[in-house]
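So you can see what is in the structure, the chains are spelled out below.
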Amino acid sequence: MAGLLAGTRVLDLTNVLAGPFCCYQLALLGAEVIKVEAPGSGDLARQLGADPELNRRGMGASFLAQNAGKHSITLNLKNPKAREAFFRLAATSDVVVENFRPGVMDRLGLGYDRLKAIKPGIVYCAISGFGQDGPLRSNPAYDQIIQGLSGVMSVTGDAKSAPLRVGYPVADTMGGITAAFAIAAALYRRERSGDGEFIDVSMLEASLVAMGWVVSNWLIAGVRPEPMGNENMTASPSGTFQTGKGLLNIAANQQQQFETLCRLLERPELVHDRRFVEREHRKTNRIELKLELEQALLARPAAEWAALMNDNDVPAGEVLDVPSVLEHPQIVARALLHTFERAPNVDRPVSVVRSGFRLRSGDPVPSSPPPALGADTSKLLAELGYSECEIEELAREQAI
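One numbering rule holds for all chains: residues counted from 1, following each sequence as written. Per-residue local features are limited, in this predicted model, to residues with pLDDT of at least 70; the limit for side-chain atom pairs, both in listing and counting, is 80 or more; totals at the level of whole chains, interfaces and linings are taken over all residues. Heavy atoms throughout the structure, all of them, feed into the side-chain values; hydrogens and water do not.

## Quick notes on the sheet that holds strand β8 (residues 247–251)
Pairing between sheet strands relies on hydrogen bonds along the backbone, with the strands arranged either parallel or antiparallel.
For step 1, the next point in the chain: DSSP-based pairing: two strands are paired if at least 2 bridges between them are found. To qualify as a helix, a DSSP run of H or I must reach at least 4 residues; to qualify as a strand, a run of E must reach at least 2; elements of each kind are numbered from the N terminus. The 3 strands are arranged β7-β8-β9 in an open sheet whose pairing can be described as antiparallel. The strands lining the two open edges of the sheet, one partner per strand, are β7 (238–242) and β9 (316–318). Sheet twist, expressed as the mean angle between neighbouring strand axes with direction ignored, is 25°.
For step 2, the next point in the chain: Sheet topology places β7 next to β8; 5 bridges connect them, and they run antiparallel. Each bridged residue has a counterpart across the sheet, and for G239 the counterpart in β8 is I250.
For step 3, the next point in the chain: Contact between two residues is taken to exist if any of their heavy atoms lie within 4.5 Å; hydrogens are not considered. Geometry is summarised by axes, namely lines fitted to C-alpha atoms with helices restricted to the contacting stretch, and by angles between N-to-C directions that run from 0 to 180 degrees. The strands touched by helix α14 (residues 302–311) within the sheet are β8 and β9, with β9 carrying the most contacts at an inclination of about 155°.

Okay, here's the thing in structure tokens:
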């Protein structure tokens, strides 16, 4: 069946991660996403990733990760003729997504007010580090900068290692998923009212929103959030434990779960130990409790403990690395990975992750591999009414 956003055309003017991640989510749901890139260079992510040869070819692993299912057109938006082509493209589109610094699109004459005059129902999403106003609006923003400013780093790690950056670009990702959610909501309203929208996404604010429990402990309870490593501030035992082989996460957050855990570890006396009788006692004495539990956990490897605990309704799971989890039977059974046997300028199969959900009507999957830079330029311009001669002229003038 057609995707949930089938029939929706999205212009993706974004670079690197937050914007491309947003538009990738829309493409997975069936939207036609047209990536508008600068001639000759394109998205910076084309040059990023762990494989230097792919970077040289303009198909870096970072680009491949977030751009399947998209088309690519090259337009030099500083060129008047390229801007005219962009206006024609915008007139056929439903959504425009950009992640330039605030004011750049307006200076190019391509801002929301100009595009709204061309397409009154346009949904325009601007993703930036800090939003379209405020004292930091013009500052450059990278994921690590946002992680530090948002407080994410202050609560990551433990007392010795914090502040510590989260091991993946969480601020970029939260900005992208926030933008995709807002765009979907705006499209839903437009179906009923015909009204377009200007969406102003701040990566800083999106990150703070995602820290809801941490933020509320300060706003509501007056408790300053502190780094706790792998411990859980809300309960104990809830964290990472050493076993006979490997690390094991246990989240025995409820009284019954704690009692069952003690039984499985053949340490029933811990249930009645005055240090651990109630939740608050266990939180106060979490270090002593962890030592007691780890003594028993050394008897078996993490994989065996995880199976035993989950069979008895005690939440537990091994601590895996990325290669291990991608090969895990759960991930395989849910078909999270989608593989293209061929992709432009790539000498191997390309596997990408799809959405983190499935649909009864058909799983969201990318319709095509990530595109080579400008692969669809001539085709799209022809659809807009440009003749072969006009397209050749645009190329000669370096407009495309």
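## Considerations on the pattern of salt bridges
For step 1, the next point in the chain: The term salt bridge refers to a pairing of a side-chain nitrogen on Lys or Arg with a carboxyl oxygen on Asp or Glu at a separation within 4 Å. In this structure the tally under the stated criterion is 24 salt bridges.
For step 2, the next point in the chain: A salt bridge links E53 to R57, with the shortest nitrogen-to-oxygen separation between them at 2.9 Å.
For step 3, the next point in the chain: Measuring nitrogen to oxygen at the nearest pair gives 2.9 Å for the salt bridge that ties R275 to D273.
For step 4, the next point in the chain: Among the charged side chains, a network of salt bridges with common partners joins D51, E53, R56, R57, D347 and R348.

## A short note on a nonpolar patch on the surface
For step 1, the next point in the chain: Exposure above 30% relative accessible area and no salt bridge define the residues that can form patches, which grow by joining like charges within 9 Å and nonpolar side chains of Val, Leu, Ile, Met, Phe, Trp and Tyr within 5 Å. Calculation of accessible area relied on Shrake-Rupley with a 1.4 Å probe; when residues are assessed, cover is drawn exclusively from the protein chains displayed. Taken together, the side chains of L320, V322, V325, L326, L337 and V353 make up a nonpolar region of the molecular surface, amounting to roughly 440 Å² of accessible area.
For step 2, the next point in the chain: Broken down by element, the nonpolar patch gets its largest block of residues, 3 residues, from helix α15 (residues 322–326).
For step 3, the next point in the chain: When you line up the elements, V325 lands in helix α15.

## Brief notes about the pairing of strand β2 (residues 32–37)
For step 1, the next point in the chain: Between buried and exposed lies partly exposed: a residue is buried under 20% and exposed over 50% of the maximum accessible area for its type, with that area taken using a 1.4 Å probe on protein chains only. Across the 6 residues that make up β2, a large majority, 5, are buried.
For step 2, the next point in the chain: Looking down the strands as they point away from you, a crossover is right-handed if its path from the first strand over the helix to the second goes clockwise. In this view, the connection linking strand β1 (residues 9–12) to its parallel neighbour β2 by way of helix α1 (residues 18–28) has right-handed handedness.
For step 3, the next point in the chain: Where β2 lies against strand β3 (residues 70–74), 5 bridges are found, and the strand directions are parallel. Considered in β3, the bridge of K35 is made with S72.

## A few points about the sheet that holds strand β6 (residues 197–202)
For step 1, the next point in the chain: The 6 strands lie next to each other as β3-β2-β1-β4-β5-β6, forming an open sheet whose pairing is parallel. Looking at strand neighbours, the two that pair on one side only are β3 and β6, the edges of this open sheet. Adjacent strand axes in the sheet meet at a mean angle of 20° when their direction is disregarded.
For step 2, the next point in the chain: As defined by bridge partners, strand β4 (residues 95–98) adjoins strand β5 (residues 123–128) across 4 bridges and the pair is classed as parallel. Its bridge partner lying in β5, V97 is registered against C125.
For step 3, the next point in the chain: Along the sheet, helix α4 (residues 80–91) contacts β1, β2 and β3; its crossing angle with β1, the most-contacted strand, is approximately 150°.

## Things to note about the nonpolar core
For step 1, the next point in the chain: Among the buried residues, those of types Ala, Val, Leu, Ile, Met, Phe, Trp, Tyr and Cys that are joined through side-chain atoms within 4.5 Å form a nonpolar core. Membership of the largest hydrophobic core comes to 29 residues, with the highest contact counts inside it found for L11, L13, I73, L75, F86 and L381.
For step 2, the next point in the chain: Counting residues per element, the ones that place at least two in this core are β2, α4, α6 (112–118), β5, α17 (377–383) and α18 (388–396).
For step 3, the next point in the chain: Considering each element in turn, this core owes the most residues, 6 residues, to α4.
For step 4, the next point in the chain: Setting aside its immediate chain neighbours within four residues, L11 contacts I34, F86, L89, A90, S93, V95, V96 and V97.
For step 5, the next point in the chain: In this structure, L5, A27, V33 and L204 belong to the second largest nonpolar core, which totals 27 residues.

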